[in-house]
Amino acid sequence: MIFENNHLKFKDNLNYFIIFFFIFFLIVGLFIYDDFGMPYDALEYRQQGLIILNHIGNFFFKEITKSIIGSKNIVSVHDYQKGFIFSGVPFHSSHALIEKIFFDFQSKKEVYYFKYVFTFLFNFIGCIFFYLLLKEKFNDKILSLIGVAILISSPRIFPELFYNPNDIPFMTSTIIFFYFAKRYFTKSSNRNLILISLVSGFLVSMRFGGLVYPMIFVFIYFLYDYFFLKKPFVLVTKRLLIFILLFLTFSYLFNPSLWNNFLNTFYLSINTSISYDLIFPKILYLGKFYDIKNLPWHYLLVWIGSSTPILYLFFICIGILTFLFTFKKEFNSNEIFFDSFLFFSLIFFLLAVIFISKSIINGWRHMYFLYPSLIYFSIYSFSIIKLRNFFLVLFILSFFYNCHWIIKNHPHQMVFFNSLAGKDLQNKFELDYWGLSIKNSMLQLLKNNKNVTVIGSSNTRLNFTKNLLTNEEKRRITIVDNVDNANYIISVFNGSKRRKDFIQNGFKVINDIKVDNIIINSSFENLNYKKF
């Protein structure tokens, strides 16, 4: 009786702790969202959201939309698609709809920081679904919470939960898809069929490369239903055909950019997911500059290996080996089919990137959606009974170390490297490729000067970050295109011109932003500047 009471008390306390964990994470996020700088992609995706919203308005409420838009010139979906491909459509258009209906922001700063809040809340929901997915699989609340803790305490992932406009929301979409796919493997009811079709449509509308997941899901589920459960071929085929029909319908509804020319847009989007056709600065990788289409095959693997906490990598490797052993031992278990779906999807994407895709830039952010799968398999390592307590101690040590690192280097956690990355990282890898540290550089210049005339160098786009300044700060800072007209220069070194080159050219360093003693951003004074 005493043991049962203590057990019930532990379960109640654990439930309270889990609730506290998520609430604490939510509160922290809502307090720090406006500490971060501006990623270069933020403007483009907000524009996409407004274009799609205008397109929907013209489709259903043409006269009302015209009266709201007035004389504003919003490019049409058709014209935009001549040069760009839409991505994250339901996410960005939903944000645009909420912004326009419920808010009347008076400054760009309010507009973009609201997007950070919206993004964080969406990804927070994804964290809850990740917990539910792990609980559905391992039936262990502690292990499920460990999986979420690994995700949000990974320094590269944590800050991007707020400002990453596309890669992390797509990661969240894959998590939600995984959860409902697991539910369908557990119980193939009509309700679950509709739900998995719905989230599949949402997933592909977020990024067309997500089409791979429903395709592999159909194949694995056919094997599961027909060969393992021995269901009639006609019944299995019928249900899968219903899934495909519903999935395509939801994909179409969630993505209004397809409404004009479905087949052509669908083809172009998939093609773009495989290979960008754009002019992009050469990428610094392992001390050399590479064209985007000629990156070494090991680019993705090295980036994952050098920017993920080492103990988390250890758990991932042990977990995958444990899964493979379990796969061989328990091949006839129905549980193994969903895990096989995740595993083969993971392998497919890794091989596709290594041998086919030419779309990987800026580290591995485009492949962040693989991280939940890696963490999922890392939890397998804790199923090794003899080593479980030891691994739990390692996890706790790593978790608190990572949290300390995140706090110490806030808000520039996006430039995390582990010890495997080696030395001289400033001249080895891209660092602040999105220019997020520019905000703090600008504020530092304004703190020490009444007015500032500044230029960005090495693909450092200052105009983007200026949107996060107050109106008073904007009036005090002037961005110019010619270095001769600037008294200060800011660079995040996204190009061949390095910090030493500025110094050799006679510019004086007045401020450095460092992460782990790695200089990711420098402000220089132009000693030759003459104010007229």
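See above for the structure.
Residues numbered from 1 in each chain as written. Predicted model: local features only at pLDDT ≥ 70, side-chain atom pairs only at ≥ 80, totals over all residues. Heavy atoms only, no water.

A closer look at the nonpolar core
Where a protein is soluble and globular, its nonpolar side chains tend to be buried together. Judged by nonpolar contacts, the single largest core of 145 residues is most densely connected at Phe177, Ile196, Phe217, Phe341 and Tyr371. Among the elements that take part in this core, helix α6 (residues 108-138) stands out by supplying 15 residues, more than any other. Excluding residues within four positions of it along the chain, Phe177 makes contact with Ile196, Val199, Ser200, Leu203, Tyr213, Pro214, Phe217 and Phe341. Judged by nonpolar contacts, the second largest core, of nine residues, contains Ile455, Phe493, Phe502 and Ile519. (Core = buried A, V, L, I, M, F, W, Y, C linked by side-chain atoms within 4.5 Å. Buried < 20%, exposed > 50% of the residue type's maximum accessible area, 1.4 Å probe, protein only. Helix = DSSP H or I, 4+ residues; strand = E, 2+ residues; numbered from the N terminus. Contact = heavy atoms within 4.5 Å.)

Remarks on the sheet that holds strand β7 (residues 518-525)
Through backbone hydrogen bonds, the strands of a sheet pair up, either in parallel or in antiparallel fashion. If you trace the five strands from one edge of the open sheet to the other, you get β4-β3-β5-β7-β6, paired in mixed fashion. The sheet is open, and its two edges are formed by β4 (477-479) and β6 (508-515), each paired on a single side. For this sheet the average axis-to-axis angle between neighbouring strands, irrespective of direction, equals 30 degrees. Pairing analysis gives three bridges linking strand β3 (residues 452-457) to β4, with the strands arranged parallel. Residue pairing across strands places Val454 opposite Ile479, the latter belonging to β4. (Pairing = 2+ DSSP bridges. Axes fitted to C-alpha atoms, helices over the stretch in contact; angles between N-to-C directions.)

Digging into the pattern of salt bridges
Applying the stated rule across the entire model yields 10 salt bridges. For Asp225, the salt bridge is made with Lys231, and the minimal N-O distance between the two is 3.3 Å. Among the residues examined, Lys231 registers a relative accessible area of 23% and is labelled partly exposed. Glu472 is paired through a salt bridge with Arg476; the nearest N and O atoms lie 3.8 Å apart. Linking Glu472 with Arg476, this pair stays in helix α21 (residues 471-476), spanning four residues, or about one helical turn. When its relative accessible area of 19% is taken as the criterion, Arg476 is described as buried. One connected set of salt bridges, linked through shared partners, spans Asp41, Asp167, Arg207 and Arg365. (Salt bridge = Lys/Arg side-chain N within 4 Å of Asp/Glu carboxyl O.)

Looking at the packing of helix α2 (residues 42-60) against helix α5 (residues 89-102)
α5 packs onto α2 with a crossing angle of 75 degrees between their chain directions and a minimal axis gap of 8 Å. As judged from the angle between their axes, α2 and α5 are roughly perpendicular. Along the contact surface, α2 presents Tyr45, Arg46, Gly49, Leu50, Ile52 and Leu53, while α5 presents Val89, His92, Ser93, Ala96, Leu97, Glu99 and Lys100. When grouped by side-chain class, the residues that make up the contact of α2 with α5 number seven nonpolar, three polar and three charged. (Parallel < 35°, antiparallel > 145°, perpendicular 65-115°, else oblique. Nonpolar A, V, L, I, M, F, W, Y, C, P; charged D, E, K, R; others polar.)

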